[in-house]
Amino acid sequence: MTSEDLFKKITAHCKEYGFIFPSSEIYDGLGAVYDYGQTGVELKNNIKKYWWDAMVLLNDNVTGIDSAIFMHPSVWKASGHVDAFNDPLIDNRDSKKRYRADVLIEEHIRKTEDRIDREVEKAAKRFGDSFDEALFRATNGRVVEYQRAAETVRNRMNDALKSENLEELRQIIIDCEIACPVSGSRNWTEVRRFNLMFATEMGSAADSTLRVYLRPETAQGIFVNYLNVQKTGRMKIPFGIAQIGKAFRNEIVARQFIFRMREFEQMEMQFFVPPGTELEWYEKWKDIRIKWHKALGLGDRKYRFHRHEKLAHYANAASDIEFEFPFGFKELEGIHSRTDFDLSQHQKYSGKKIQYFDPERNESYTPFVIETSIGLDRMFLSIVSAAYAEEKIDREDGAADERVVMRIPPALAPVKLAVLPLVKKDGLPEKATAIKNRLKFEFNCQYDEKDSIGKRYRRQDAIGTPYCVTVDHQTLEDDTVTIRHRDTMEQERAPISRLSEIVSEKTSMKSLLEKNG
Ligand code: ATP
């Protein structure tokens, strides 16, 4: 199966099993806006809880807030978003399609790099065990040429972005002979800047309305509350403020399902530290965050760090945690050392002193900031894409069968336990309902009596339920049930009195948080 097919299947599965629906679907949807369904909302809430608890419960010096989406317009002047939060766009005159110039160039670079990978693959097959990949990459004429070409284009693009040279961006597109994927032509307009913030008006009287923005990131809500939290929480530096909330960006290249949306959710934490210690804290937070990801058990090789060569004007170090999505390694989380830029800007624009008196240093300063910022929806996508598996199985009657199983980390699974009466009679439904009603205070449980037991198992596999409990006639005699494990499909007999213990051992948030230790 190609990665494109796999991605299509995951998208279709998410819809079929109530994880994600296109927004306003009966009106044919709204570009890059999605709704979470009955299964998806449970997974999303569990991811939020995992992040929140790992930040706020596990760290004595991290506390949380929930700030409003609307903020005073000066916030976005101070943060630089009004003037600089924009993408370089280019239109194709024939197809009338609009693209991000940097994305067109990056795709061109990626194609060149794909060619390198294909050369390496071919050579690996040819040379077998004696193949030395590093040597081949360094010496093969064609590969070296491709590498040089990719690097030259990347350097030109980075320089053009850094110096805001829009003409040069266009020139790179021309020089690389990049064609519009839709019309196939190279009939390009100039490159222009396009601000990504959504604006709206607050107030009803025409002369007193205020132009406000839907926040494009949650971080500014933390910065403008820094003094409030520090003072009322009597926080001592170093300390952090965490927040989960919606953000909005009028993305032009809005595709790849929930990877890039116009309305999405972020989980951000700003950690305030004394100047001069920021790079040490930056490394610490990189370690903490990668451990948080790896604890999920989706496979350590699916994560890698990507260090930014081109830093934003306010940062003195930045890395992304990239995840291997079905369409390749892409940014999942950003960890940035943002210096004192944001607090200094808010001090300047608000005229309020935003400083901290450090009793140990016996001096006042503007704290420096380390930010960890992860997209909740991208995190969701990373989990469902790693969890999705199609498997061939042998049925009890010997026939071959298939199942789709979502190997969602048990602590994040939307439903932890399904309680299934073997048949819909003889008092089994009543017994199963009683078990469910006892356990529903501890876990998200589902009761299902419709269709054959095999079909019910498949439905639970498809939403990633770690345990199915079957109530049969023996249950009525000795209060034992069959527990089926999602991943191995093994079944065991256990007393009802032990269910709570068995299920919570693997599915509790505690078991996952302890791995962050
Ligand atoms: P990208 O380069 O992919 O546009 P970014 O560098 O602009 O992302 P940040 O501003 O650092 O992203 O935002 C932090 C996190 O928020 C990202 O790592 C990503 O997980 C998430 N995120 C950003 N934009 C979107 C979006 N349009 N849809 C979904 N998640 C997003």
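Bear in mind the structure is a predicted one, so any value in this text is a computation, not a measurement.

Parameters at a glance
Residues numbered from 1 in each chain as written. Predicted model: local features only at pLDDT ≥ 70, side-chain atom pairs only at ≥ 80, totals over all residues. Heavy atoms only, no water. Helix = DSSP H or I, 4+ residues; strand = E, 2+ residues; numbered from the N terminus. Expected span 1.5 Å × (residues − 1). Buried < 20%, exposed > 50% of the residue type's maximum accessible area, 1.4 Å probe, protein only. Arc of directions from axis to C-beta. Contact = heavy atoms within 4.5 Å. Polar contact = N/O pair within 3.5 Å; in protein donor to acceptor, adjacent residues only side chain to side chain. Near = heavy atom within 4 Å. Areas by Shrake-Rupley, 256 points an atom, 1.4 Å probe, with all protein chains shown as cover. Core = buried A, V, L, I, M, F, W, Y, C linked by side-chain atoms within 4.5 Å. Domains from an automatic or database assignment. Salt bridge = Lys/Arg side-chain N within 4 Å of Asp/Glu carboxyl O. Phe/Tyr/Trp six-rings, centres within 6.5 Å; stacked < 30°, edge-to-face > 60°. Buried area = accessible area lost by both parts, 1.4 Å probe. Pairing = 2+ DSSP bridges. Axes fitted to C-alpha atoms, helices over the stretch in contact; angles between N-to-C directions. Parallel < 35°, antiparallel > 145°, perpendicular 65-115°, else oblique. Left-handed = near helix turned anticlockwise from the far one by under 90°.

### A word on helix α7 (residues 141-162)
Thought 1: Helix length check: α7 (22 residues) gives 32 Å between terminal C-alpha atoms against 32 Å at 1.5 Å per residue, within 8%.
Thought 2: Of all the residues in α7, the buried ones are V143, Y146, A150, V153, M157, A160 and L161. Viewed along the axis of α7, the buried residues span an arc of 135°, placing them on a single side of the element. For α7, exposure combined with an orientation more than 90 degrees from the buried face picks out G141, E145, R148 and K162.
Thought 3: Its buried side turned inward, α7 meets β4 (86-92), α5 (101-127), α6 (133-139) and α8 (166-175).
Thought 4: Capping the start of α7 is the job of one residue whose side-chain oxygen sits 3.1 Å from the backbone nitrogen of R142: N140.
Thought 5: Once α7 ends, the next one or two residues include E164, with phi positive near 55°.

### Topic: the site of the ligand
Thought 1: Contacts to the ligand come from 15 residues, most closely from E251, R260, M261, E331 and L332.
Thought 2: Within the side chain of R260, a nitrogen or oxygen atom sits 2.7 Å from an oxygen atom of the ligand.
Thought 3: Between the ligand and the protein, one listed contact pairs an oxygen atom with a side-chain N or O atom of R378 at 3.0 Å.
Thought 4: Alone, the ligand offers 590 Å² of accessible surface; in the complex the protein occludes 84% of this.
Thought 5: At the level of secondary structure, the elements contributing two or more residues to the shell around the ligand comprise β10 (263-273), β13 (328-337) and β16 (368-375).
Thought 6: No other element matches the five residues that β13 contributes to the shell around the ligand.

### Re the nonpolar core
Thought 1: Counting residues in each nonpolar core, the largest one holds 62 residues, and the members touching the most others are F19, I47, Y50, W51, F380, I408 and L412.
Thought 2: Of the residues that make up this core, three or more belong to each of domain 1 (1-83 + 196-390) and domain 3 (406-516).
Thought 3: Residues within four places of I47 in sequence aside, it is in contact with M267, L376, M379, F380, I383 and L412.
Thought 4: Judged by nonpolar contacts, the second largest core, of 19 residues, contains I90, I105, V153 and V191.

### Details of the pattern of salt bridges
Thought 1: Throughout the structure, instances matching the rule amount to 44 salt bridges.
Thought 2: Here R100 and D102 are joined by a salt bridge, their closest N and O atoms 3.0 Å apart. In this structure, R100 and D102 share a single accessibility class: buried.
Thought 3: Look at the salt bridges and you will find they share partners, linking E391, D401, R403, R407, R458, D461, R484, R486 and D487 into a network.

### Some points on the packing of aromatic side chains
Thought 1: The final tally for this structure, using the stated rule, is 23 aromatic pairs.
Thought 2: A centroid spacing of 6.4 Å and a plane angle of 75° characterise the contact between F7 and F257, whose relative ring orientation is edge-to-face. Here F7, found in helix α1 (residues 3-16), pairs with F257, found in the loop between β9 (239-248) and β10; they are 250 residues apart in sequence, far enough to count as distant.
Thought 3: The exposure class of F7 is buried, given its relative accessible area of 14%.
Thought 4: According to the relative accessible area criterion, F257 is buried, its value standing at 9%.
Thought 5: A ring pair is formed by Y36 and F380, whose centres lie 4.9 Å apart and whose planes are at 70°; its orientation type is edge-to-face.

### As for the domain arrangement of the chain
Thought 1: Taken domain by domain, the chain comprises domain 1 (1-83 + 196-390), domain 2 (86-193) and domain 3 (406-516).
Thought 2: Facing the eight residues of domain 1 at the interface are 10 residues of domain 2.
Thought 3: Here domain 1 meets domain 2 over a buried area of about 770 Å², counting both sides, of which 59% is carbon and sulfur.
Thought 4: Counting across the domain 1 and domain 2 interface gives zero salt bridges.
Thought 5: Our count for the domain 1 to domain 2 interface comes out at one residue pair in polar contact (both at pLDDT 80 or more).

### With respect to the sheet that holds strand β21 (residues 467-471)
Thought 1: Read across the sheet, five strands follow the order β20-β19-β21-β22-β23 without closing on themselves; strand pairing throughout is mixed. Looking along the sheet, the strands with just one partner apiece sit at the ends: β20 (445-447) and β23 (491-495). Ignoring which end each strand starts from, the neighbouring axes of this sheet average 25° apart.
Thought 2: Packed on one face of the sheet, helix α15 (residues 453-463) meets β19 (417-421), β20, β21, β22 (480-485) and β23 and runs near 170° to β19.
Thought 3: The sheet contacts of helix α17 (residues 499-507) involve β19, β21, β22 and β23, and relative to β21 the element is tilted by about 165°.

### A look at the packing of α7 against α8
Thought 1: Between α7 and α8, whose axes approach to 9 Å, the crossing angle comes to 160°. The angle between α7 and α8 falls in the class roughly antiparallel. Judged by the twist between their axes, the crossing of α7 over α8 is left-handed. Along the contact surface, α7 presents V153, R156, M157, A160 and L161, while α8 presents E168, L169, Q171, I172 and D175.

### Thoughts on the sheet that holds strand β6 (residues 188-195)
Thought 1: The strand order across the open sheet formed by three strands is β5-β4-β6, and the pairing between neighbours is antiparallel. The open sheet has two edge strands with one neighbour each: β5 (98-100) and β6. Each strand of the sheet is rotated relative to its neighbour by a mean of 35°, with strand direction disregarded.
Thought 2: As defined by bridge partners, β4 adjoins β5 across three bridges and the pair is classed as antiparallel. Its bridge partner lying in β5, I90 is registered against Y99.
Thought 3: Across the sheet, α8 touches β4 and β6, and the angle it forms with β6 is around 135°.

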